[in-house]
Protein chains: 2
Amino acid sequence: MTSKKVVELFYDVVSPYSWLGFEVMCRYRNVWNIELKLRPAFLGGVMQGAGNKPPGLVPNKFAYMTKDMNRLAKYFEVPINPPSDPFEVMFEKGSLSAMRFVTAVQQIEKGGDKQVERVSRELWRRIWSEDKDITQPQSFSEAAKKAGLTDSKIEEALKLCTSQEIKDKLKHTTEEALNYGAFGFPMVICHIDGKPEMFFGSDRFELMANCMGEKWLGPTPNSSASKL
Amino acid sequence: MTSKKVVELFYDVVSPYSWLGFEVMCRYRNVWNIELKLRPAFLGGVMQGAGNKPPGLVPNKFAYMTKDMNRLAKYFEVPINPPSDPFEVMFEKGSLSAMRFVTAVQQIEKGGDKQVERVSRELWRRIWSEDKDITQPQSFSEAAKKAGLTDSKIEEALKLCTSQEIKDKLKHTTEEALNYGAFGFPMVICHIDGKPEMFFGSDRFELMANCMGEKWLGPTPNSSASKL
């Protein structure tokens, strides 16, 4: 009998590559012998803490990333459709409040992480598929409703997400990511033989599988992809 | 009958990720229905032309890349063993003369590119496996000898590599890479339905295969890997 390997996924809904990584890991949680832990964190804090710069500031790189993202989204079957002004969305509006809301949902949820998973997905869908706001309470409320949360849970999360407790929790998770060596998201930490193995980005799944003694079956290993 | 798709591989022997990409593409040239064209170019010129900065300047990123490189090298079966001072090797010594030498070998070679392939591999082996110099004529000569070139061919290439013709050719190839949108190496251009599709890095082979209607069989699809 082999026990499940703990795999932590650090992500932020402001990051489209995180969405790809998130969907793949959510699909593989039932394929590989792993216990997936969702770790919503704040990408802005990681970039600042690591002294990293957004990759899209080099024009050739930005043009490539747009193209690459479209190809990957199609291949991964994740409905990414960039917002009209990605710079405004990513760097001016940001995701601090949104990630506090996700953290609050996680804090409230008992016995699993289905609600965190669904709320995260609906926030990504708003920003990276439908070009909708993810900075206002009304937006969090709409996303959570779509994710299937009850009105009372939504109200509870909205209240909680501005509390010091949740601000501190998000800060703490972000610091944990930095302590693991993060410089961007998505970042996956696979605990293998008691050692944390870090994988950055949404293009190391085949290598990750190899390191865990699992098999990579491509980005859509089962029918869960069709739900998106 | 389907005609082979032309696939251009832009690379520089100063770049270890280029080595991974190079070996994979050389292995797949006989697996996929492609005509691989080796395009030795100058990474320093691409970085400057695109206004890009080396990724290793962020400490967390550098630490990750070292780890990532070791894991990938093992998985790809490419004997990468970082030099004692990678910064000196990459940024102080550089690869301008080495890539001129590779360009000269390509200029001289008739009917194929086996010599360019082998000389490039031996230069990578010197810098990224054996921590040896790749800036001096003696080093080029040793690499070319290992690659199986005759003494007279080596002498011819050594003479040619300082000529204006070869300097211009390398410059031209580097400009072509920039015109395709390069901001780093390895860069692969797949000509699909008359359109150039760009793939950056050594982590898009599965996507590349998908775009070309080919199948990705992992980094070691046949026994050629054992030759390294």
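Residues numbered from 1 in each chain as written. Chains lettered and ligands numbered in written order. Predicted model: local features only at pLDDT ≥ 70, side-chain atom pairs only at ≥ 80, totals over all residues. Heavy atoms only, no water.

Caption draft 1: Focus on the sheet that holds strand β2 (residues 34–40) of chain A. Residues and elements named next belong to chain A. Spatial strand order, β2-β1-β3-β4: 4 strands in an open sheet with mixed pairing. Edge positions in the sheet fall to β2 and β4 (195–200), since each has one partner strand and no second. In this sheet, neighbouring strand axes are inclined to one another by 20 degrees on average, regardless of whether the strands run parallel or antiparallel. Where strand β3 (residues 187–192) lies against β4, 6 bridges are found, and the strand directions are antiparallel. The residue bridging H191 from the neighbouring strand is P196, located in β4. Relative to strand β1 (residues 5–11), helix α1 (residues 16–28) is tilted by about 155 degrees, and along the sheet it contacts β1, β2 and β3. Across the sheet, helix α9 (residues 164–180) touches β1, β2, β3 and β4, and the angle it forms with β1 is around 110 degrees. (Pairing = 2+ DSSP bridges. Helix = DSSP H or I, 4+ residues; strand = E, 2+ residues; numbered from the N terminus. Axes fitted to C-alpha atoms, helices over the stretch in contact; angles between N-to-C directions. Contact = heavy atoms within 4.5 Å.)

Caption draft 2: Focus on the packing of aromatic side chains. For the structure shown, the criterion picks out 30 aromatic pairs over all chains. Here F183 of chain A and F200 of chain A contribute two aromatic rings whose centre-to-centre distance is 4.5 Å and whose plane-to-plane angle is 45 degrees, an arrangement assigned as tilted. Note that F183 of chain A is positioned in the loop between α9 and β3 and F200 of chain A in strand β4, a separation of 17 residues in sequence. Judged by relative accessible area, which is 2%, F183 of chain A ranks as buried. Residue classification places F200 of chain A among the partly exposed residues on the basis of a relative accessible area of 25%. Seen from their ring centres, F10 of chain B and Y180 of chain B are 5.9 Å apart, and the 70 degrees between their planes marks the pair as edge-to-face. With F10 of chain B in strand β1 (residues 5–11) and Y180 of chain B in helix α9 (residues 164–180), this pair connects stretches of sequence that are 170 residues apart. Through successive ring pairs, a cluster of aromatic residues spans Y11, W19, F22 and W124 of chain A. Positioned above the aromatic ring of F199 of chain B is the side chain of R71 of chain A, whose terminal nitrogen or guanidinium carbon lies 3.9 Å from the ring centre. (Phe/Tyr/Trp six-rings, centres within 6.5 Å; stacked < 30°, edge-to-face > 60°. Buried < 20%, exposed > 50% of the residue type's maximum accessible area, 1.4 Å probe, protein only. Lys NZ or Arg CZ within 6 Å of the ring centre and 35° of its normal.)

Caption draft 3: Seen up close, the pairing of β3 of chain A. Residue and element names in this part refer to chain A. Of all 6 residues that make up β3, 5 are buried, and the element is covered over most of its length. Examined bridge by bridge, β1 and β3 share 4 bridges and lie antiparallel to one another. Within β3, the residue paired with E8 across the bridge is I189. Taking the residues between adjacent antiparallel strands as the criterion, β3 and β4 are bridged by 2 residues, where D193 takes a positive phi near 50 degrees.

Caption draft 4: Main features of the interface of chain B and chain A. Facing the 31 residues of chain B at the interface are 31 residues of chain A. At the boundary of chain B with chain A, total buried surface from both sides reaches about 2,700 Å², with 51% on carbon and sulfur atoms. Between chain B and chain A we count 8 salt bridges in total. Inspection of the region where chain B meets chain A yields 20 residue pairs in polar contact (both at pLDDT 80 or more). Those elements giving two or more residues to the side of chain B that touches chain A turn out to be α3 (59–76), β4 (195–200) and α10 (205–212) of chain B. Its residues assigned to classes, the side of chain B that touches chain A shows 17 nonpolar, 6 polar and 8 charged. (Buried area = accessible area lost by both parts, 1.4 Å probe. Salt bridge = Lys/Arg side-chain N within 4 Å of Asp/Glu carboxyl O. Polar contact = N/O pair within 3.5 Å; in protein donor to acceptor, adjacent residues only side chain to side chain. Nonpolar A, V, L, I, M, F, W, Y, C, P; charged D, E, K, R; others polar.)

Caption draft 5: Main features of a nonpolar patch on the surface. Residues L57, F62, F87 and F91 of chain B make up a contiguous nonpolar surface patch of roughly 360 Å² in combined accessible area. Along the chain, F62 of chain B falls in helix α3. (Patch = residues over 30% accessible without salt bridge, like charges linked within 9 Å, V, L, I, M, F, W, Y side chains within 5 Å. Areas by Shrake-Rupley, 256 points an atom, 1.4 Å probe, with all protein chains shown as cover.)

Caption draft 6: Examining empty space enclosed by the protein more closely. As enumerated under the stated definition, the model contains 1 cavity of 30 Å³ or more in all. In this model, the largest cavity occupies a volume close to 300 Å³. Forming the walls of the largest cavity are 21 residues, and the residues nearest its centre are D203, R204 and E206 of chain A together with D203 and E206 of chain B. If you list the elements that add at least two residues to the lining of the largest cavity, you get α3 (59–76) and α10 (205–212) of chain A together with α3 and α10 of chain B. Residue classes in the lining of the largest cavity are distributed as 13 nonpolar, 2 polar and 6 charged. (1 Å grid on protein atoms, 1.4 Å probe; cavity = no way out; pocket = protein on both sides within 12 Å on 5 of 7 lines; lining within 4 Å. Points joined across faces, edges and corners; volume = space filled by probe spheres on them.)

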